[in-house]
Amino acid sequence: MAKSENFIATSDRFYSALLLLYPRRFRTRFGREMSQVFRDSTELQLERGATRDLLAFWLHTLGDTAMSVPREWRREPRFLDSELDFTGIMDLCIVSFVVGANLLGWGWMGARLALNLTLPDLMQYSMTVAIILMGIVTVALAALIGILSASLVSRSSRPQRHRISA
Amino acid sequence: MGTRGPSRLVQKDPETFMPLSPAVFHILLALGDGEAHGYAIMQDVLQRSAGVVKLGPGTLYGAIGRMLEDGFIEECEERPDPEMDDARRRYYRLTQGGGDLLALETKRLAALVRSARATKVVRKMKPA
(Lines give C-alpha, C1' and ligand atoms only; values in the text may rest on other atoms or scores of the structure.)
Protein backbone atom coordinates (compact mmCIF):
# COMPACT_ATOMS: atom_id res chain seq x y z
CA MET A 1 0.00 0.00 0.00
CA ALA A 2 2.77 2.42 1.01
CA LYS A 3 4.63 1.39 -2.11
CA SER A 4 1.75 2.36 -4.36
CA GLU A 5 1.27 5.64 -2.47
CA ASN A 6 4.94 6.40 -3.00
CA PHE A 7 4.57 5.60 -6.65
CA ILE A 8 1.54 7.89 -6.95
CA ALA A 9 3.38 10.70 -5.12
CA THR A 10 6.41 10.30 -7.41
CA SER A 11 4.17 10.24 -10.48
CA ASP A 12 2.41 13.38 -9.25
CA ARG A 13 5.70 15.18 -8.86
CA PHE A 14 6.86 14.11 -12.30
CA TYR A 15 3.60 15.20 -13.90
CA SER A 16 3.71 18.52 -12.03
CA ALA A 17 7.13 19.06 -13.59
CA LEU A 18 5.68 18.27 -17.04
CA LEU A 19 2.93 20.81 -16.45
CA LEU A 20 5.59 23.52 -16.23
CA LEU A 21 6.05 23.10 -19.98
CA TYR A 22 2.61 24.56 -20.64
CA PRO A 23 2.03 28.31 -20.89
CA ARG A 24 1.36 29.90 -17.52
CA ARG A 25 -2.14 31.06 -18.45
CA PHE A 26 -3.14 27.49 -19.37
CA ARG A 27 -1.41 26.01 -16.33
CA THR A 28 -3.10 28.45 -13.95
CA ARG A 29 -6.51 27.66 -15.36
CA PHE A 30 -6.28 23.88 -15.80
CA GLY A 31 -3.14 22.71 -13.98
CA ARG A 32 -4.88 21.49 -10.82
CA GLU A 33 -7.59 19.70 -12.75
CA MET A 34 -5.03 18.07 -15.03
CA SER A 35 -3.04 16.87 -12.03
CA GLN A 36 -6.20 15.47 -10.49
CA VAL A 37 -7.14 13.65 -13.70
CA PHE A 38 -3.63 12.27 -13.99
CA ARG A 39 -3.71 11.10 -10.38
CA ASP A 40 -7.08 9.41 -10.84
CA SER A 41 -5.82 7.68 -13.97
CA THR A 42 -2.64 6.51 -12.22
CA GLU A 43 -4.70 5.09 -9.34
CA LEU A 44 -6.92 3.26 -11.79
CA GLN A 45 -3.91 1.72 -13.55
CA LEU A 46 -2.42 0.70 -10.21
CA GLU A 47 -5.69 -0.93 -9.15
CA ARG A 48 -5.64 -2.97 -12.34
CA GLY A 49 -2.13 -3.98 -11.41
CA ALA A 50 -0.73 -4.65 -14.88
CA THR A 51 2.72 -3.14 -15.26
CA ARG A 52 2.35 -3.17 -19.03
CA ASP A 53 -0.83 -1.05 -18.81
CA LEU A 54 0.87 1.35 -16.43
CA LEU A 55 3.79 1.73 -18.81
CA ALA A 56 1.41 2.22 -21.75
CA PHE A 57 -0.45 4.86 -19.75
CA TRP A 58 2.76 6.70 -18.98
CA LEU A 59 3.89 6.60 -22.60
CA HIS A 60 0.49 7.86 -23.67
CA THR A 61 0.70 10.71 -21.15
CA LEU A 62 4.16 11.68 -22.43
CA GLY A 63 2.90 11.58 -26.02
CA ASP A 64 -0.14 13.63 -25.06
CA THR A 65 2.07 16.22 -23.38
CA ALA A 66 4.41 16.36 -26.37
CA MET A 67 1.44 16.98 -28.67
CA SER A 68 -0.50 19.42 -26.52
CA VAL A 69 2.33 21.66 -25.26
CA PRO A 70 3.21 23.11 -28.71
CA ARG A 71 -0.50 23.45 -29.50
CA GLU A 72 -1.10 25.53 -26.38
CA TRP A 73 1.98 27.67 -27.02
CA ARG A 74 0.79 28.31 -30.59
CA ARG A 75 -2.52 29.53 -29.21
CA GLU A 76 -0.84 31.68 -26.58
CA PRO A 77 -0.18 34.89 -28.60
CA ARG A 78 -3.96 35.36 -28.90
CA PHE A 79 -4.04 36.05 -25.20
CA LEU A 80 -1.18 38.50 -25.13
CA ASP A 81 -1.43 42.17 -26.02
CA SER A 82 -2.16 42.69 -29.68
CA GLU A 83 0.68 45.19 -30.02
CA LEU A 84 4.28 44.08 -29.94
CA ASP A 85 5.92 44.92 -26.64
CA PHE A 86 8.71 47.19 -27.86
CA THR A 87 9.61 48.09 -24.28
CA GLY A 88 10.63 44.48 -23.72
CA ILE A 89 12.64 44.35 -26.96
CA MET A 90 14.47 47.59 -26.12
CA ASP A 91 15.18 46.28 -22.62
CA LEU A 92 16.55 43.11 -24.14
CA CYS A 93 18.89 44.99 -26.50
CA ILE A 94 20.14 47.44 -23.87
CA VAL A 95 20.65 44.84 -21.15
CA SER A 96 22.35 42.46 -23.63
CA PHE A 97 24.71 45.21 -24.72
CA VAL A 98 25.54 46.39 -21.21
CA VAL A 99 25.94 42.90 -19.78
CA GLY A 100 27.93 41.72 -22.81
CA ALA A 101 30.30 44.68 -22.65
CA ASN A 102 30.79 44.21 -18.91
CA LEU A 103 31.45 40.50 -19.23
CA LEU A 104 33.91 41.09 -22.00
CA GLY A 105 35.77 43.89 -20.24
CA TRP A 106 35.85 42.52 -16.72
CA GLY A 107 36.56 38.99 -17.90
CA TRP A 108 39.54 40.25 -19.82
CA MET A 109 40.79 42.30 -16.91
CA GLY A 110 40.20 39.44 -14.46
CA ALA A 111 42.15 37.00 -16.56
CA ARG A 112 45.04 39.41 -16.84
CA LEU A 113 45.12 40.26 -13.13
CA ALA A 114 44.41 36.82 -11.64
CA LEU A 115 46.77 34.89 -13.89
CA ASN A 116 49.22 37.73 -14.16
CA LEU A 117 49.29 37.23 -17.85
CA THR A 118 50.31 39.84 -20.29
CA LEU A 119 48.48 40.25 -23.53
CA PRO A 120 50.85 38.11 -25.60
CA ASP A 121 50.83 35.33 -22.93
CA LEU A 122 47.07 35.22 -22.86
CA MET A 123 46.89 34.71 -26.58
CA GLN A 124 49.91 32.51 -27.04
CA TYR A 125 47.99 29.23 -26.74
CA SER A 126 45.52 29.72 -29.48
CA MET A 127 44.34 33.07 -30.54
CA THR A 128 41.49 31.73 -32.64
CA VAL A 129 40.14 29.30 -30.03
CA ALA A 130 40.36 31.92 -27.30
CA ILE A 131 38.44 34.45 -29.36
CA ILE A 132 35.77 31.94 -30.39
CA LEU A 133 35.29 30.69 -26.82
CA MET A 134 35.17 34.19 -25.44
CA GLY A 135 32.65 35.20 -28.06
CA ILE A 136 30.40 32.20 -27.49
CA VAL A 137 30.40 32.52 -23.71
CA THR A 138 29.93 36.28 -23.76
CA VAL A 139 27.11 36.29 -26.29
CA ALA A 140 25.33 33.33 -24.70
CA LEU A 141 25.51 34.75 -21.18
CA ALA A 142 24.57 38.23 -22.29
CA ALA A 143 21.62 36.93 -24.30
CA LEU A 144 20.44 34.75 -21.42
CA ILE A 145 20.63 37.53 -18.85
CA GLY A 146 19.14 39.99 -21.31
CA ILE A 147 16.19 37.77 -22.17
CA LEU A 148 15.50 37.01 -18.53
CA SER A 149 15.69 40.66 -17.51
CA ALA A 150 13.57 41.84 -20.44
CA SER A 151 11.05 39.13 -19.77
CA LEU A 152 10.79 40.13 -16.11
CA VAL A 153 10.46 43.82 -16.96
CA SER A 154 7.87 43.31 -19.70
CA ARG A 155 5.84 40.88 -17.58
CA SER A 156 5.71 43.19 -14.62
CA SER A 157 4.63 46.14 -16.78
CA ARG A 158 2.03 44.24 -18.82
CA PRO A 159 -1.56 44.67 -17.65
CA GLN A 160 -3.14 41.42 -16.47
CA ARG A 161 -5.85 40.98 -19.03
CA HIS A 162 -7.18 38.27 -21.32
CA ARG A 163 -6.84 35.86 -18.41
CA ILE A 164 -9.51 33.28 -17.90
CA SER A 165 -10.45 33.56 -14.26
CA ALA A 166 -9.34 30.58 -12.24
CA MET B 1 -27.30 24.63 -11.38
CA GLY B 2 -25.59 27.98 -11.73
CA THR B 3 -22.61 28.72 -13.88
CA ARG B 4 -19.26 30.11 -12.81
CA GLY B 5 -18.32 33.34 -14.56
CA PRO B 6 -19.86 34.89 -17.63
CA SER B 7 -20.04 32.56 -20.59
CA ARG B 8 -19.41 34.15 -23.94
CA LEU B 9 -22.15 33.57 -26.45
CA VAL B 10 -21.33 31.76 -29.65
CA GLN B 11 -21.13 34.51 -32.20
CA LYS B 12 -19.92 32.45 -35.11
CA ASP B 13 -22.14 30.18 -37.10
CA PRO B 14 -21.70 26.62 -35.73
CA GLU B 15 -21.19 25.50 -39.35
CA THR B 16 -17.84 27.28 -39.35
CA PHE B 17 -16.59 24.83 -36.69
CA MET B 18 -17.38 21.79 -38.84
CA PRO B 19 -16.11 19.14 -39.09
CA LEU B 20 -15.30 18.77 -35.42
CA SER B 21 -12.13 17.10 -34.24
CA PRO B 22 -12.71 13.65 -32.65
CA ALA B 23 -11.74 15.04 -29.23
CA VAL B 24 -14.26 17.89 -29.39
CA PHE B 25 -17.04 15.67 -30.71
CA HIS B 26 -16.46 13.06 -28.01
CA ILE B 27 -16.40 15.68 -25.26
CA LEU B 28 -19.67 17.15 -26.53
CA LEU B 29 -21.07 13.64 -26.62
CA ALA B 30 -19.90 12.91 -23.08
CA LEU B 31 -21.67 16.05 -21.87
CA GLY B 32 -24.78 15.25 -23.88
CA ASP B 33 -26.45 13.53 -20.93
CA GLY B 34 -25.55 16.14 -18.32
CA GLU B 35 -22.65 17.79 -16.54
CA ALA B 36 -19.42 15.93 -15.83
CA HIS B 37 -15.91 16.60 -14.56
CA GLY B 38 -12.72 16.05 -16.56
CA TYR B 39 -11.97 12.53 -15.41
CA ALA B 40 -15.57 11.41 -15.99
CA ILE B 41 -15.43 12.87 -19.51
CA MET B 42 -12.18 11.00 -20.14
CA GLN B 43 -13.65 7.70 -18.96
CA ASP B 44 -16.87 8.25 -20.90
CA VAL B 45 -14.94 8.89 -24.11
CA LEU B 46 -12.87 5.76 -23.54
CA GLN B 47 -15.95 3.59 -22.99
CA ARG B 48 -18.01 5.11 -25.79
CA SER B 49 -15.23 4.62 -28.32
CA ALA B 50 -14.46 1.10 -27.04
CA GLY B 51 -10.95 2.20 -26.07
CA VAL B 52 -10.10 3.70 -29.47
CA VAL B 53 -10.13 7.38 -28.42
CA LYS B 54 -7.88 7.96 -25.43
CA LEU B 55 -7.77 11.56 -24.31
CA GLY B 56 -4.78 12.55 -22.23
CA PRO B 57 -5.09 15.48 -19.78
CA GLY B 58 -3.36 17.88 -22.20
CA THR B 59 -5.65 17.12 -25.13
CA LEU B 60 -8.73 17.02 -22.91
CA TYR B 61 -8.18 20.36 -21.21
CA GLY B 62 -6.88 22.00 -24.39
CA ALA B 63 -10.19 21.12 -26.06
CA ILE B 64 -12.19 22.12 -22.96
CA GLY B 65 -10.39 25.50 -22.94
CA ARG B 66 -11.26 26.17 -26.58
CA MET B 67 -14.87 25.06 -26.09
CA LEU B 68 -15.22 27.35 -23.06
CA GLU B 69 -13.88 30.27 -25.10
CA ASP B 70 -16.22 29.56 -27.98
CA GLY B 71 -19.16 29.21 -25.61
CA PHE B 72 -20.00 25.59 -26.42
CA ILE B 73 -19.62 24.46 -22.82
CA GLU B 74 -19.71 26.24 -19.48
CA GLU B 75 -18.53 25.51 -15.99
CA CYS B 76 -21.14 24.61 -13.39
CA GLU B 77 -20.94 26.47 -10.13
CA GLU B 78 -22.63 23.82 -8.04
CA ARG B 79 -21.83 20.15 -7.88
CA PRO B 80 -24.33 17.33 -8.23
CA ASP B 81 -23.54 16.02 -4.76
CA PRO B 82 -20.92 18.09 -2.90
CA GLU B 83 -20.60 15.59 -0.03
CA MET B 84 -19.78 12.69 -2.30
CA ASP B 85 -17.35 14.53 -4.51
CA ASP B 86 -13.84 15.95 -4.50
CA ALA B 87 -14.01 19.72 -4.12
CA ARG B 88 -11.10 20.15 -6.53
CA ARG B 89 -13.11 18.86 -9.45
CA ARG B 90 -14.85 21.24 -11.78
CA TYR B 91 -17.96 20.29 -13.64
CA TYR B 92 -18.79 21.29 -17.18
CA ARG B 93 -21.97 21.18 -19.17
CA LEU B 94 -23.21 21.96 -22.66
CA THR B 95 -24.59 25.37 -23.52
CA GLN B 96 -27.37 25.86 -26.06
CA GLY B 97 -24.70 26.49 -28.69
CA GLY B 98 -22.87 23.31 -27.70
CA GLY B 99 -26.06 21.28 -28.00
CA ASP B 100 -26.72 22.76 -31.44
CA LEU B 101 -23.18 21.97 -32.52
CA LEU B 102 -23.48 18.38 -31.30
CA ALA B 103 -26.76 17.94 -33.15
CA LEU B 104 -25.31 19.45 -36.32
CA GLU B 105 -22.22 17.24 -36.28
CA THR B 106 -24.33 14.16 -35.52
CA LYS B 107 -26.52 14.97 -38.52
CA ARG B 108 -23.44 15.40 -40.70
CA LEU B 109 -21.94 12.09 -39.55
CA ALA B 110 -25.27 10.28 -40.01
CA ALA B 111 -25.46 11.54 -43.60
CA LEU B 112 -21.88 10.38 -44.10
CA VAL B 113 -22.70 6.91 -42.75
CA ARG B 114 -25.77 6.69 -45.01
CA SER B 115 -23.59 7.63 -47.93
CA ALA B 116 -20.97 5.06 -46.96
CA ARG B 117 -23.60 2.34 -46.61
CA ALA B 118 -24.76 3.03 -50.13
CA THR B 119 -21.37 2.08 -51.56
CA LYS B 120 -20.78 -1.39 -53.00
CA VAL B 121 -17.97 -2.25 -50.63
CA VAL B 122 -19.92 -1.47 -47.49
CA ARG B 123 -23.09 -3.14 -48.79
CA LYS B 124 -21.13 -6.37 -49.20
CA MET B 125 -19.97 -6.26 -45.57
CA LYS B 126 -21.81 -8.37 -43.04
CA PRO B 127 -23.52 -6.32 -40.35
CA ALA B 128 -21.60 -6.36 -37.06
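The structure presented is a predicted model; accordingly, all values stated were derived computationally and were not measured.

1. A look at the environment of Ala143(A)
- Tracing the backbone through its elements, the reader meets Ala143(A) in helix α6 (residues 127-157).
- Counting along the chain gives 43 residues from Ala143(A) to Gly100(A), while the straight-line C-alpha distance between them is 8.1 Å.

2. Structural notes on the pairing of strand β3 (residues 91-94) of chain B
Residue and element names in this part refer to chain B.
- Covered by surrounding structure in β3 are Tyr91 and Arg93 together with Tyr92 and Leu94, the residues of both alternating faces.
- Across four bridges, the pairing between strand β2 (residues 73-76) and β3 is antiparallel. Looking across to β3, one finds that Ile73 is bridged to Leu94.

3. So, the confidence of the model for chain B
- On average, chain B scores 85 in pLDDT, and the residues at 70 or more come to 82%.
- Interface predicted TM-score (ipTM) for the complex: 0.80; the corresponding pTM is 0.65.

4. Some remarks on the side chain of Arg25(A)
Residue and element names in this part refer to chain A.
- Note that Arg25 resides in helix α2 (residues 24-48).
- Arg25 sits in the buried class, given a relative accessible area of 6%.
- Within the local environment of Arg25, its side chain forms a polar contact with the side chain of Glu76, the two groups lying 3.2 Å apart.

5. Observations regarding empty space enclosed by the protein
- Tallying each qualifying case throughout the model produces two cavities of 30 Å³ or more.
- One number sums up the size of the largest cavity: a volume of about 50 Å³.
- Surrounding the largest cavity, Glu33(A), Gln36(A), Val37(A), His37(B), Gly38(B), Tyr39(B), Tyr61(B), Arg88(B), Arg89(B) and Arg90(B) form its lining.
- Broken down by secondary-structure element, the contributors of at least two residues to the lining of the largest cavity are α2 of chain A together with α2 (38-48) of chain B.
- The element best represented in the lining of the largest cavity is α2(A), accounting for three residues.
- The residue inventory of the lining of the largest cavity, partitioned by class, reads three nonpolar, three polar and four charged.

6. Observations concerning the pattern of salt bridges
- Following the criterion strictly, the structure yields 15 salt bridges over all chains and no others.
- Ionic pairing is found between Arg89(B) and Asp40(A), a salt bridge with its closest N-O pair at 2.9 Å. Of this pair, Arg89(B) sits in the loop between β2 and β3 while Asp40(A) sits in helix α2, which puts the two residues in different chains.
- We classify Arg89(B) as buried; its relative accessible area is 15%.
- A relative accessible area of 10% places Asp40(A) in the buried class.
- For Asp33(B), the salt bridge goes to Arg48(B), with nearest N and O atoms at 3.9 Å. Here Asp33(B) is found in the loop between α1 (22-30) and β1 (36-37), whereas its partner Arg48(B) is found in helix α2, with 15 residues between them in sequence.
- By relative accessible area, which is 41% here, Arg48(B) ends up partly exposed.
- When salt bridges that share partners are traced, they join Arg29(A), Glu33(A), Glu75(B) and Arg90(B) into one network.

What counts, and at which threshold
Residues numbered from 1 in each chain as written. Chains lettered and ligands numbered in written order. Predicted model: local features only at pLDDT ≥ 70, side-chain atom pairs only at ≥ 80, totals over all residues. Heavy atoms only, no water. Helix = DSSP H or I, 4+ residues; strand = E, 2+ residues; numbered from the N terminus. Buried < 20%, exposed > 50% of the residue type's maximum accessible area, 1.4 Å probe, protein only. Pairing = 2+ DSSP bridges. pLDDT = per-residue confidence, 0-100. Polar contact = N/O pair within 3.5 Å; in protein donor to acceptor, adjacent residues only side chain to side chain. 1 Å grid on protein atoms, 1.4 Å probe; cavity = no way out; pocket = protein on both sides within 12 Å on 5 of 7 lines; lining within 4 Å. Points joined across faces, edges and corners; volume = space filled by probe spheres on them. Nonpolar A, V, L, I, M, F, W, Y, C, P; charged D, E, K, R; others polar. Salt bridge = Lys/Arg side-chain N within 4 Å of Asp/Glu carboxyl O.

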